[in-house]
Amino acid sequence: METLMYLSILVPILSGIILLILPEKKMSRVSLCTAVGVVLSATALLVGFTLINNTGEMVEVYRLTARLTLAFRIDTVGAVFVSVVSVVWVAAGFFAFTYMQHEEHEKRYYGFYLIVYGILIALDFAGNLVTYYACFELMTICSMPMVLHNQSKEAIMAGLKYLFYSFFGAYMVLFGFYFLFKYAVSLDFVPGGGNVSPILIQGHRSLMLVAAFCMIQGFSVKAGMFPLHGWLPTAHPVAPAPASAALSGIIVKAGVLGVVRVIFYLFGTDFLKGTWVQTTCLILALITVFMGSMLAYREKVLKKRLAYSTVSQVSYILFGLFMMNATSFTGSILHVVCHALIKCALFLVAGALIFHTGKTGVDDFTGIGKKMPVLLWCYTIVSLGLIGIPPMGGFISKWYLATGSLEEGTAVFSWLGPVILLVSALLTAGYLLPITIKGFLPGKNYDVSSVVHKEPSVCMIVPILVLTVLSVLVGLFPSVLTDVLTPLTESLFGMTM
């Protein structure tokens, strides 16, 4: 198992480094895409074999000090996240083979793309806070070149904004890290948490709550939670569409996983539940859900609209985590899967539309369904999933989130949460479905012959189709995931679903 795990991490990282080192003219475009496709596929297979042969044991790689070690352990949460990462990363990678034709410096893009894939696998397999934090920082640094890829002034400013926001969040995590190191018996990720020693924190409970709040907020920066959400709508419009799909579908989930580790694997719900930390986080999450949906509804640039949508939808996940009960937690993990598949598909559809039409506005695609019906049907299906229409996956995850909120009985939040989720769902329909309506029903006076575009190439349409089908299957067969999550919720909450 150790060998497979190491290979799944090192193969994409080393392959990416080799691509960056090779001279630009050493490889033809066909050879480059073939090599990247082989590495992506091989890595995904290695990840699969690693999960199959997983023993759940801690694997120590390097000891920095007596208590600071780099170590890996594959648990259920890590397995779910790394599976989602692999599906999305491979899909967006194959889509890029066609999309990146009109972009320069392809080799550099694919080099960093592979490196970030390996780092994300290491992050998901991290067994303690030291390893997670190191991988989290590496992910930020190595993913920034994908944001500023075209090297325009806007892209450079967006990349710097992404970097500054990310570093600010990382420093907040580091602040809490210092105090956790002093007052915790261990930095290992333990189901249920409880690493904080009651004896050591005597007289310092308030300080530890501040530390926990800083760590949660620090990781939430990457997840795009208010008030530090501004990097998302800035970075997405300037990045290539496959990079936007990766950022929105996966990179933001690294922040979500960080929040999961802090609440449920380090501090524990017994320590945080009912405190000002939980209350403040719930308020910020609900503000973000509503604000993101409203900004997306008002936005006229397609990729920026989808970026604001991510701001809103990821805070659905955070809201469920902050409720700190088993039902909401299950809903959050389900929404991690659904949102990653759906939002990646939406960004790839946006990329295909931009690639073939050269247009970026949401009002520029009238009648497009007459000549690109498969692409627009995929867009429509995943949009219904994001809205939460049954039997799509988004409905199941939002059902768990709303049910968990009502079950909790927390003053205000038990009813305010479902209300805001419902309002956000209506706004989601308002900013996604008009493209479908105008695309398929342009009106009697519309000249269909003016639409000269055809369906995207196989490399573009197949990844979108795969993601669309997977998002539907999650809704039709949710028990596949809930059965996996049941033992996890029992270990985290000490109860059955």
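Residues numbered from 1 in each chain as written. Predicted model: local features only at pLDDT ≥ 70, side-chain atom pairs only at ≥ 80, totals over all residues. Heavy atoms only, no water.

1. Comments concerning a nonpolar patch on the surface
Thought 1: There is a patch of nonpolar side chains on the surface, built from F290, V412, W415, V419 and V423 and spanning about 430 Å² of accessible area.
Thought 2: Ranked by the residues each element gives to the nonpolar patch, the list is headed by helix α16 (residues 413–440), at 3 residues.
Thought 3: Structurally, V423 can be placed in helix α16.
Thought 4: Note on V423: relative accessible area 33%, which makes it partly exposed. (Patch = residues over 30% accessible without salt bridge, like charges linked within 9 Å, V, L, I, M, F, W, Y side chains within 5 Å. Areas by Shrake-Rupley, 256 points an atom, 1.4 Å probe, with all protein chains shown as cover. Salt bridge = Lys/Arg side-chain N within 4 Å of Asp/Glu carboxyl O. Helix = DSSP H or I, 4+ residues; strand = E, 2+ residues; numbered from the N terminus. Buried < 20%, exposed > 50% of the residue type's maximum accessible area, 1.4 Å probe, protein only.)

2. What to know about the side chain of S8
Thought 1: The topology assignment puts S8 in helix α1 (residues 2–21).
Thought 2: In this structure S8 comes out as buried when scored by relative accessible area, which is 0%.
Thought 3: Side-chain polar atoms of S8 contact the backbone oxygen of M5, separated by 2.7 Å.
Thought 4: When near neighbours in sequence (up to four residues on either side) are disregarded, S8 contacts T43, L46, V47, T50, I121 and F125. (Polar contact = N/O pair within 3.5 Å; in protein donor to acceptor, adjacent residues only side chain to side chain. Contact = heavy atoms within 4.5 Å.)

3. Some details on unusual backbone geometry
Thought 1: The linkage connecting F226 with the following residue, P227, adopts the cis geometry, with an omega of 10 degrees.
Thought 2: With respect to the element layout, P227 can be found in the loop between α7 (205–222) and α8 (231–238).
Thought 3: The step from P390 to P391 runs through a cis peptide bond, and the omega angle for that step is 5 degrees.
Thought 4: Mapped onto the fold, P391 is located in the loop between α14 (373–387) and α15 (393–408).
Thought 5: For M324, which is not a glycine, the phi torsion comes out positive at approximately 60 degrees.
Thought 6: In this structure, M324 sits in the loop between α12 (302–323) and α13 (326–357).
Thought 7: The class for M324 is buried, based on a relative accessible area of 2%.

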